[in-house]
Amino acid sequence: MDFALTEEQSAIFDMAYGFGQDAIAPNARTWEAQGTIPKELWPQVGELGFGGLYVSEESGGAGLGRLDATLVFEALSMACPSVAAFLSIHNMCARMIDSFASDDFKARVLPDVLTMNTVLSYCLTEPGSGSDAVALKTRAERTNEGYTLNGTKAFISGGGYSDAYVCMVRTGEAGAGGVSTVYVKDGTEGLSFGALEDKMGWRSQPTAQVQFDDCKISADNLIGEEGKGFKYAMMGLDGGRLNIAACSLGAAQTALTSTLNYMGERKAFGQSIDQFQGLQWRLADMEIELQAARVFLRQAAWKLDQGAPDATKFCAMAKKFVTEAGSKVVDQCLQLHGGYGYLADYGIEKLVRDLRVHQILEGTNEIMRVIVARDMLKNR
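What follows is about the overall build of the protein. Of the regular secondary structure elements, the protein holds eleven helices and ten strands. By the compact-globule yardstick of 21 Å for 380 residues, the protein fits well, its C-alpha radius of gyration being 21 Å. In terms of overall dimensions, the protein has a C-alpha envelope of 80 × 50 × 40 Å along the principal axes. Counting only residues that meet the buried cut, the protein has 52% of its 380 residues in that class. Counting contacts in the protein only where the partners sit at least 6 residues apart, residues at least 24 apart contribute 74% of the total. With the model as given, the accessible surface of the protein reaches about 16900 Å², and the carbon-plus-sulfur share is 51%. Averaging the coordinates of the 35 positive side-chain charges in the protein and doing the same for the 47 negative ones gives two points 7 Å apart.

Turning to a nonpolar patch on the surface, a few remarks are in order. On the surface, Met1, Phe3 and Val295 cluster together to form a nonpolar patch covering roughly 420 Å² of accessible area. Among the residues examined, Val295 registers a relative accessible area of 44% and is labelled partly exposed.

Per the stated rule, a full pass over the model turns up 20 salt bridges. A salt bridge links Arg29 to Asp345; its shortest N-O distance comes to 3.3 Å. Of this pair, Arg29 sits in helix H2 (residues 28–34) while Asp345 sits in the loop between helix H9 (311–336) and helix H10 (348–356), and the two are 316 residues apart along the sequence. Exposure remark for Arg29: the relative accessible area of 44% places this residue in the partly exposed category. Owing to a relative accessible area of 61%, Asp345 belongs among the exposed residues under this scheme. A salt bridge links Glu74 to Arg298; its shortest N-O distance comes to 3.3 Å. Highlighted residues: Glu74 in helix H4 (residues 66–77) and Arg298 in helix H8 (residues 277–306), separated in sequence by 224 residues.

On to the layout of surface pockets. When its volume is computed, the largest pocket comes out at roughly 1300 Å³. Around the largest pocket, the lining comprises 46 residues; the ones closest to its centre are Thr125, Ile360, Leu361, Glu362 and Gly363. Among the elements of the structure, helix H5 (81–100), strand S3 (146–157), helix H7 (229–265), H9, H10 and helix H11 (365–378) are those that each provide at least two residues to the lining of the largest pocket. Here the lining of the largest pocket is composed, by residue class, of 23 nonpolar, ten polar and 13 charged. Volume-wise, the second largest pocket comes out at about 400 Å³.

For the pair H7 and H10, the least separation of the axes is 10 Å and the interaxial angle reads 160°. Classed by the angle they form, the pair H7 and H10 counts as roughly antiparallel. Regarding H7 and H10, the two cross each other, and that crossing is left-handed. Residue-level inspection shows Cys247, Ser248, Ala251, Ala252, Ala255 and Ser258 of H7 in contact with H10, the latter providing Ile348, Leu351 and Leu355. Here the residues of the contact of H7 with H10 are counted per class, giving seven nonpolar, two polar and no charged.

What follows is about the nonpolar core. Core analysis: the largest hydrophobic core is formed by 70 residues, its most contacted members being Ile24, Leu41, Trp42 and Leu76. Here this core gets twelve residues from one element, more than from any other, and that element is H7.

Conventions we followed
Residues numbered from 1 in each chain as written. Predicted model: local features only at pLDDT ≥ 70, side-chain atom pairs only at ≥ 80, totals over all residues. Heavy atoms only, no water. Helix = DSSP H or I, 4+ residues; strand = E, 2+ residues; numbered from the N terminus. Rg over C-alpha atoms; globule rule 2.2 N^0.38 Å. Buried < 20%, exposed > 50% of the residue type's maximum accessible area, 1.4 Å probe, protein only. Contact = heavy atoms within 4.5 Å. Areas by Shrake-Rupley, 256 points an atom, 1.4 Å probe, with all protein chains shown as cover. Lys, Arg positive; Asp, Glu negative; His and termini not counted. Charge placed at Lys NZ, Arg CZ, Asp CG, Glu CD. Patch = residues over 30% accessible without salt bridge, like charges linked within 9 Å, V, L, I, M, F, W, Y side chains within 5 Å. Salt bridge = Lys/Arg side-chain N within 4 Å of Asp/Glu carboxyl O. 1 Å grid on protein atoms, 1.4 Å probe; cavity = no way out; pocket = protein on both sides within 12 Å on 5 of 7 lines; lining within 4 Å. Points joined across faces, edges and corners; volume = space filled by probe spheres on them. Nonpolar A, V, L, I, M, F, W, Y, C, P; charged D, E, K, R; others polar. Axes fitted to C-alpha atoms, helices over the stretch in contact; angles between N-to-C directions. Parallel < 35°, antiparallel > 145°, perpendicular 65-115°, else oblique. Left-handed = near helix turned anticlockwise from the far one by under 90°. Core = buried A, V, L, I, M, F, W, Y, C linked by side-chain atoms within 4.5 Å.

So, in structure tokens, the structure goes:
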């Protein structure tokens, strides 16, 4: 059993880290204050191949495995977890298109998706269906030309910002078998957006409701087959959970590194505060948490790459463990900065705010526990 990264994996991490430090980190606070990420960033990301990380090479993507992708998101989140997480959403959509859409659809849509001239948003959650996603009510009625959509999606990262929306809609009866996936381009008649949400964290990501009022799309905007949309949506979530865990890991590592440096400079009672044994123990506890989280995350990603039968369980466990460890670490880092940690200048309070939502999205951590417990009971 070899825990070391390959040379290629180390190069992937280094490339993502270098880009993040050069192009994202110096701007993260400004973008947060502006409430948006400049669209000009995304083609630069696309040039690195990050617009289709696990889109197949046959379709023009990078063809990376899930473990490789977690390295990208860990590295980018060291610059800004909000930006890194937004890229994860785009990649989840791109993978769904590559995996399930027709060849004609892929030829029409994927080239601009991979270069990130087309930025994608994922639309599953609704005002009345979060964890109970199968209860979604947004309706797509079949017409001679295609579909007419009516309904509302909630908490959509990129709502009113993205170029297209991959949407789970109801084409049939209640239940998972009545859900299909459709593609809606920005500017489509009947597509509109709610006001921007005023959020605790991820403030550089524009977030809004996505609304459909007799929104008409052509039949060739169906992704895959009717009635398979919920399956498509769920298949994307294992990888999404790994990515969001990686974003927690990278951000928490940045916080810990900054805290270690700060404690060597900050003096109290005649010595730097890193000389107090009680505070050294806190540093050690955080290091242990992050090292355990990193190994757990990479094991889960490896299982997903290998198609292991327990991959979904491990993805759920890793998502729960790593996101909670990340939030715990950044909170402790803020405490060790004292009053300075509460100030925006030091960057720690932003990470506290940004990471909190990681325990909610891609399936709440309560749902992660449900997945794990059900698997345990099924296999006892």
